[in-house]
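# Structural overview for review
What follows is the residue order along each chain.
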Amino acid sequence: MEYNLEQLVTTGIDLSLSSIDNLQNIIHLLKQPTDESLSLLISQSFQLLFTLQQCAWKLLSQDFESWIDQSNYLQFLDAMTIFNKNLIFNSNDICLETKMTLLLSATVDQIDHIFEQIEQNSDDNHPYINIINVWFCNLSHFMHEYPNCVLPSIFPHMNQYIKTNFIETKQFEIYLTQLRQKNNLSQSLFTAKFLFYLKTSLSFLFCYWGANSPIRSNSFDGNFSSIIDNYIEIIHIHNSTVSSWNKELLGCIAQIIGITIGCLWNNRSNPIFLKKIFPTEEILCNHLEELIRIIAYEPFYTQIRSIRSNDETILIDVIILYIKFTLMIHNSVIWFFRSNLMIQQTLKTVAETSLFDEICLCSYGILGTILTDEQLKQLKISDSMTIFFFNMLEQAWHQPLKKYKHATIPHLLDGKYFQK
């Protein structure tokens, strides 16, 4: 039997009253659209989909004890999460304003109540926190995928709340310290709340930092000392055991590296800050070698997607970006890259095998900086990468800001792919 979304929603989508059958039919429809049919569904039923999004946010902001044990509501939220991720990464012909309107129809009060429920929840593994982790992960994906989209005022509100109530807290410092354990980390450490602090929150801040927000520059107005103090040690401890990482550790490390990029870039003109992190050139080079050791782990390559949609892709992406930024900030260490054949070979492998074009392009940008002209001629740059590069230029040319995502036209032509 085929169902019409308009008929289903207009027959009563008050989630507290709707019949299980009706809700199940809606869930079925939300999971059906392909990339081709999603645009048609949105154009024909935008207002109805918007109503569903409002219902989802209303549900999430209610006292979770009133609905968390009802499987039909959980299935509805799961279907909305799948729909939203498809909306973000597929159907490029759907305008950004439409995507953003559908993804974030929440009010400030609703957002605050969601965050408050996480703070006050004494069960660190409560399924409600898992739901919020996935829900806010989608918002981070949206900001990173469309950094030139002007964000509404609720985004800086969320950014500030997360910084103040989750990142700049004693609990966050405790979680960071726990990641510095030298022995194998117990799976029990990675609770839903732990992941909200060290993965979801950091991902939101990093992606917000790269987005087109009028107050974006304030994203890293604090010194984020707890992160900086722990970051180098966390990488030092875990880089040699990458083959035993679990999914949760991988995701946390990826986001910690990302947020450190923001701290470094925001303080790139502050020699005192940079000297505090890397007192000597030897410490910096050792750290870069440890990062290269992580991305040299070949099983990661089979997990890299063509879009930045999973932890492995994000991990490789942020490490390559970190190396790129390091060369821009500390150009004195270029000798280290030129003298280390293992680093050069790893970057070549990543550039030639990654399915994510932006990782490839950034890797080629690094190689273009550190290799000689003769070495550059030996690189195997695929036709698809050439097409992707010229597509970037064309899209940047047609944008008001003359940018493709984070890259300006001059930096594309100069090979400096990522520039804030």
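Only a predicted model underlies this, so the values are computations on that prediction, with no experimental measurement involved.

The rules behind the values
Residues numbered from 1 in each chain as written. Predicted model: local features only at pLDDT ≥ 70, side-chain atom pairs only at ≥ 80, totals over all residues. Heavy atoms only, no water. Helix = DSSP H or I, 4+ residues; strand = E, 2+ residues; numbered from the N terminus. Expected span 1.5 Å × (residues − 1). Buried < 20%, exposed > 50% of the residue type's maximum accessible area, 1.4 Å probe, protein only. Phe/Tyr/Trp six-rings, centres within 6.5 Å; stacked < 30°, edge-to-face > 60°. Lys NZ or Arg CZ within 6 Å of the ring centre and 35° of its normal. Contact = heavy atoms within 4.5 Å. pLDDT = per-residue confidence, 0-100. Arc of directions from axis to C-beta. Polar contact = N/O pair within 3.5 Å; in protein donor to acceptor, adjacent residues only side chain to side chain. Salt bridge = Lys/Arg side-chain N within 4 Å of Asp/Glu carboxyl O. Axes fitted to C-alpha atoms, helices over the stretch in contact; angles between N-to-C directions. Left-handed = near helix turned anticlockwise from the far one by under 90°. Parallel < 35°, antiparallel > 145°, perpendicular 65-115°, else oblique. Nonpolar A, V, L, I, M, F, W, Y, C, P; charged D, E, K, R; others polar.

So, on to helix H4 (residues 71-89). With 19 residues, H4 extends 27 Å from end C-alpha to end C-alpha; this agrees with the ideal 27 Å at 1.5 Å per step. Along H4, the residues classified as buried are Asn72, Tyr73, Phe76, Leu77, Ala79, Met80, Thr81, Phe83, Asn84, Leu87, Ile88 and Phe89.

Attention shifts here to the packing of aromatic side chains. Given two aromatic rings, their pairing is described by the distance between the two centres and the angle made by the two planes. For the structure shown, the criterion picks out 26 aromatic pairs. Where Tyr161 meets Phe166, the ring centres are 6.1 Å apart and the plane angle is 40°; that geometry is what we call tilted. For Phe166, a relative accessible area of 0% puts it in the buried group. Here Phe190 and Phe194 contribute two aromatic rings whose centre-to-centre distance is 5.4 Å and whose plane-to-plane angle is 80°, an arrangement assigned as edge-to-face. Here Phe190 matches Phe194 in class, with each residue buried. The ring of Trp265 carries the charged tip of Arg268 above its face, separated from the ring centre by 4.2 Å.

Here we come to the side chain of Thr200. Note on placement: Thr200 falls in helix H10 (residues 192-209). Among residues more than four places away in sequence, those in contact with Thr200 are Asn133, Phe136 and Leu195.

A separate point is the confidence of the model for the protein chain. Averaged over all residues, the pLDDT of the protein chain equals 85, while 85% of them reach at least 70. Under a pLDDT of 50 for its full length, residues 416-420 has, in the predicted model, 24 contacts with residues more than four places off or in other chains.

This paragraph deals with helix H9 (residues 170-178). Every buried residue belonging to H9 is among Phe172, Tyr175 and Leu176, and all of these are buried. In a view along the axis of H9, the buried residues occupy a sector of 100°, so they form one face of it. Buried-residue contacts for H9 involve helix H8 (154-167), H10, helix H11 (225-238) and helix H12 (247-266).

Okay, the environment of Lys58 next. Relative to the elements of secondary structure, Lys58 occurs in helix H3 (residues 35-61). Considering only alpha carbons, one finds Lys58 and Ser105, 47 residues apart in sequence, at a separation of 9.6 Å.

Let us look at the side chain of Asn267. Note on placement: Asn267 falls in the loop between H12 and helix H13 (271-277). In this structure the side chain of Asn267 is engaged in a polar contact, spanning 2.8 Å, whose partner is the backbone oxygen of Cys263. Apart from residues no more than four positions distant in its own chain, Asn267 is found in contact with Phe273 and Leu274.

Another aspect to go through is the pattern of salt bridges. For the structure shown, the criterion picks out 5 salt bridges. A salt bridge links Asp124 to Lys193, with the nearest nitrogen and oxygen atoms 3.9 Å apart. Here Asp124, found in the loop between helix H6 (108-120) and helix H7 (127-145), pairs with Lys193, found in helix H10; they are 69 residues apart in sequence, far enough to count as distant. Note on Asp124: relative accessible area 29%, which makes it partly exposed. Linking Lys199 and Asp311 is a salt bridge whose minimum nitrogen-to-oxygen distance equals 2.9 Å. Residue Lys199 is located in helix H10, and its partner Asp311 is located in helix H15 (residues 311-329); the two are separated by 112 residues in the primary sequence.

Looking now at the environment of Ala296. Mapping Ala296 onto the fold places it in the loop between helix H14 (281-295) and H15. On the basis of relative accessible area, Ala296 is assigned to the partly exposed category, the value being 30%. Sequence-distant contacts of Ala296, that is, excluding residues within four places in its chain, are made with Tyr301 and Thr346.

Across the interface, helix H17 (residues 341-353) lies against helix H18 (residues 357-370) with an axial gap of 8 Å and an inter-helix angle of 145°. Here H17 and H18 pass one another in a crossing that is left-handed. Contacts between H17 and H18 involve Gln344, Leu347, Lys348, Val350, Ala351 and Glu352 from the former and Ile359, Cys360, Ser363, Tyr364, Ile366, Leu367 and Ile370 from the latter.

So, about the packing of H6 against H7. In the contact formed by H6 and H7, the axes pass within 10 Å of each other and the chain directions differ by 135°. Taken as axis vectors, H6 and H7 run oblique relative to one another. The crossing of H6 and H7 is left-handed. Residues Ile111, Ile114, Phe115, Gln117 and Ile118 of H6 touch H7, and the partners they reach there are Tyr128, Ile132 and Phe136. For the contact of H6 with H7, a count of residues per class yields 7 nonpolar, 1 polar and no charged.

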